[in-house]
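Observations on the model geometry
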Amino acid sequence: MLAAVAQCLRRAGVGAGARLCCALSGGVDSVVLLALLHRLRPEVGFSLEAAHVHHGLSPNASAWADACEAHCARLGVPFQVLRVAVDPAHSGGPEAAARAARHAALDRVPCDWMVFGHHQDDQAETLLFRLLRGAGVAGAAAMAVSVAAAPGRPGRLRPLLGQRRAGILEWARREALSWVEDESNADLRFARNMLRHRVLPSLEAAFPSAVPMLARACANFAEAEGLLADLAELDAQTCGGRIWRASSVLGLSVPRQANLLRWRLREYGAQAPSRGRLEEALRQLATATDARPLRVALGNGWACCVYRGVLWVEGVEEVSVQAREWRGEAALPWGSGLVRFECGLGVGLSRVRLQEAERLVLAARAPGVRLQLAPGRPRQLLRKLCQAAGVPAWLRDRMPVLWADDAPVWVAGIGIACSHACAPDEAGVMPRWEPGARAGA
Ligand SMILES: Nc1ncnc2c1ncn2[C@@H]1O[C@H](COP(=O)(O)OP(=O)(O)OP(=O)(O)O)[C@@H](O)[C@H]1O
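The model shown is predicted, which means the values in this text are computed figures rather than measured ones.

All right, on to the site of the ligand then. Residues in contact with the ligand amount to 15 residues; listed here are only the nearest, Ala23, Val53, Arg99, Arg102 and His118. One of the backbone N or O atoms of Ala23 is found 2.6 Å from an oxygen atom in the ligand. Within the side chain of Arg102, a nitrogen or oxygen atom sits 2.7 Å from an oxygen atom of the ligand. Relative to its free-state accessible area of 600 Å², the ligand is covered by the protein chains to the extent of 84%. Among the secondary structure elements, those contributing two or more residues to the shell around the ligand are β2 (47-54) and α4 (93-107). Here the residues of the shell around the ligand sort into five nonpolar, seven polar and three charged.

Structure representation (structure tokens):
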């Protein structure tokens, strides 16, 4: 078992100086994991600490935290308790709420790798649980042995994923370790426990290799998922790279469109939409025209939009966008997209005129704002200009506006105030809004 953990660390590139934190529940799996990591620490040279999440749900919660603290004190491993508030209104019930709170707390621990005690029986359970909910290939890949760090969270390691629960238990007994039992693990009202205590034992009675074979299937699904991600990446390139041409996306076969959107949503950390919702959204988006831009909710808190030939996904709640001062950067973030500022001769906004302003700010429109697009034309209300240009209502509050002090000088999709337009031989700057362009930026 020690060799398996050492191999996992090696493969993940854990070496001297890496900061590891053991996610310590106090159950046998993570207690064994902590003991194994503690043994490997001098040899590999990583630093080791442990964290226990106190959900406050069980009357025994504090006793578990104390037991974890005692383990760590014995081994000389720095230890912390993370107290979390579990959302009672979570749509997935108390188990899912506790899991979400736990992962969010562990993600905030400043370390390179958070190390979990999941084993092969957990993997088999996870696969069955997800298949019974109609998982796709990504879901059926279940848990990975290592997941690289992402902005704002450490990498994740599961060095015991190839080990059977019985083997871990045997090791713990041989080493005379002590651990706590979570009484809720026996509660058959929880679907996971039903799988663990009833379904898997029946399966194993009929198919003795059920657990390792299910785990092998997960590895196969993970491989297939990798290929689907490769395909999505190629399709993303064909569709324009970071910003997608709606016609290119909608020209792909429906399963490839769906694969592409799922891939990007995963990149954003969004939950996968249901197959039905995604297919229905794609069907509707195919009917979008310049005169009829569309925004279709995917049912997972995200929406897919088509506007002026561009297709992107964004959070449903993403209605307010943060104002930012522009100090000459080549691009500024704007919601899930960007505003780029491209220099050129005789194009866009006059640099000289812009320099006259004290502050240039990229912000949303303000009520009652007016814009004069050409000399001799009236200063029209932006609302009217939006109507005339076919900008849909859902987009108007998110359209970036460049303000020179109190005057709007550029409005995405509408144009430039003639007072700030660049003369033909003058240095200019042309802002360009790229919705959805921040993925992979
Ligand atoms: N309260 C906790 N504090 C710290 N780590 C925990 C806690 N509960 C679970 N873990 C970590 O997660 C691993 C898996 O635990 P368990 O099987 O109970 O969770 P799960 O809900 O099935 O998994 P997951 O949370 O990954 O979905 C443990 O071995 C441990 O490393």
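If you check UniProt for "domain: Lysidine-tRNA(Ile) synthetase C-terminal" (unreviewed entry), the listed places come out as residues 360-433 in our numbering. As annotated, residues 360-433 has a helix share of 16% and a strand share of 35%, and its two end C-alpha atoms lie 16 Å apart.

If you look at the biggest cluster of nonpolar residues, it comprises 38 residues, and the most contacted ones within it are Leu402, Trp410, Ile414 and Trp433. The two domains that each donate at least three residues to this core are domain 2 (241-315) and domain 3 (324-434).

Before going further, it helps to examine helix α9 (residues 210-238). Think of an α-helix as 3.6 residues a turn; residues three or four steps apart then line up on the same face. Helix length check: α9 (29 residues) gives 42 Å between terminal C-alpha atoms against 42 Å at 1.5 Å per residue, within 8%. Within α9, the full set of buried residues consists of Ala210, Val211, Leu214, Ala215, Cys218, Glu225, Ala232, Asp235 and Ala236. One or two residues past the end of α9 sits Gly240, with phi positive at roughly 125°.

On to the pairing of strand β19 (residues 407-411). Within β19, four of the five residues are buried, leaving the element largely enclosed by the surrounding structure. Judged from the four bridges that link them, strand β18 (residues 401-404) and β19 form a sheet pairing that is antiparallel. Considered in β19, the bridge of Ala404 is made with Ala407. Between β18 and the antiparallel strand that follows it, β19, lie two residues; Asp405 among them carries a positive phi value of about 50°. With two bridges joining them, β19 and strand β20 (residues 415-416) adopt antiparallel strand pairing. Along β20, the bridge assignment pairs Trp410 with Ile416.

Moving on, we get to the packing of helix α2 (residues 28-44) against helix α3 (residues 61-75). Interhelical geometry of α2 versus α3 gives an angle of 15° and a closest axis separation of 11 Å. Accordingly, the angle class assigned to the pair α2 and α3 is roughly parallel. Regarding α2 and α3, the two cross each other, and that crossing is right-handed. Contacts between α2 and α3 pair Val31, Leu34, His38 and Arg41 from the former with His71, Cys72 and Leu75 from the latter. Here the contact of α2 with α3 is built from residues that sort into four nonpolar, two polar and one charged.

A few words now on helix α1 (residues 2-12). Of all the residues in α1, the buried ones are Val5, Ala6, Cys8 and Leu9. Summarising the axial view, the buried residues of α1 lie within an arc of 160°, below the 170-degree limit, and thus occupy one face. Facing away from the buried side of α1 by more than 90 degrees, the exposed set consists of Ala3, Arg10 and Arg11. Structurally, α1 contributes buried residues whose contacts are with β1 (19-23), α2 and β6 (155-157). Note on α1: the residue one or two positions beyond its end, Gly13, has a positive phi of about 85°.

Taken together, the four strands give an open sheet; going across it, the order is β7-β10-β9-β8, and neighbouring strands pair in antiparallel fashion. Looking at strand neighbours, the two that pair on one side only are β7 (244-245) and β8 (294-297), the edges of this open sheet. Taken together, the four bridges between β8 and strand β9 (residues 302-307) define a ladder with antiparallel strand orientation. Across the sheet, residue Arg295 finds its bridge partner in β9, namely Cys305.

Let's shift gears to the sheet that holds strand β5 (residues 146-147). An order of β3-β2-β1-β4-β6-β5 is seen for the six strands of this open sheet, with the pairing classed as mixed. The sheet is open, and its two edges are formed by β3 (79-83) and β5, each paired on a single side. In the packing of α4 onto the sheet, contacts are made with β1, β2, β3, β4 (113-115) and β6, and the angle to β2 comes to roughly 150°.

Of note in this structure, Ala142 is not a glycine but carries a positive phi near 55°. Ala142 sits in the buried class, given a relative accessible area of 17%. Non-glycine residue Arg308 carries a positive phi angle of around 50°. Structurally, the position occupied by Arg308 is in the loop between β9 and β10 (310-315). Judged by its relative accessible area of 38%, Arg308 falls in the partly exposed class.

Burial analysis of β10 places six of its six residues in the buried class, the great majority of the element. Covered by surrounding structure in β10 are Val310, Trp312 and Glu314 together with Leu311, Val313 and Gly315, the residues of both alternating faces. The sheet contact formed by β7 and β10 spans two bridges and is antiparallel. Paired with Trp244 across the strands is Leu311, a residue of β10. Sheet topology note: the β9/β10 ladder contains six bridges and is antiparallel. Pairing of Val306 across the sheet is with Leu311, part of β10. Linking two consecutive strands that pair antiparallel, namely β9 and β10, is a turn of two residues; a positive phi of about 50° is found at Arg308 within it.

Parameters and conventions
Residues numbered from 1 in each chain as written. Predicted model: local features only at pLDDT ≥ 70, side-chain atom pairs only at ≥ 80, totals over all residues. Heavy atoms only, no water. Near = heavy atom within 4 Å. Polar contact = N/O pair within 3.5 Å; in protein donor to acceptor, adjacent residues only side chain to side chain. Areas by Shrake-Rupley, 256 points an atom, 1.4 Å probe, with all protein chains shown as cover. Helix = DSSP H or I, 4+ residues; strand = E, 2+ residues; numbered from the N terminus. Nonpolar A, V, L, I, M, F, W, Y, C, P; charged D, E, K, R; others polar. UniProt positions renumbered as here; feature names shortened; annotations may be inferred. Core = buried A, V, L, I, M, F, W, Y, C linked by side-chain atoms within 4.5 Å. Buried < 20%, exposed > 50% of the residue type's maximum accessible area, 1.4 Å probe, protein only. Domains from an automatic or database assignment. Expected span 1.5 Å × (residues − 1). Pairing = 2+ DSSP bridges. Axes fitted to C-alpha atoms, helices over the stretch in contact; angles between N-to-C directions. Parallel < 35°, antiparallel > 145°, perpendicular 65-115°, else oblique. Left-handed = near helix turned anticlockwise from the far one by under 90°. Contact = heavy atoms within 4.5 Å. Arc of directions from axis to C-beta.

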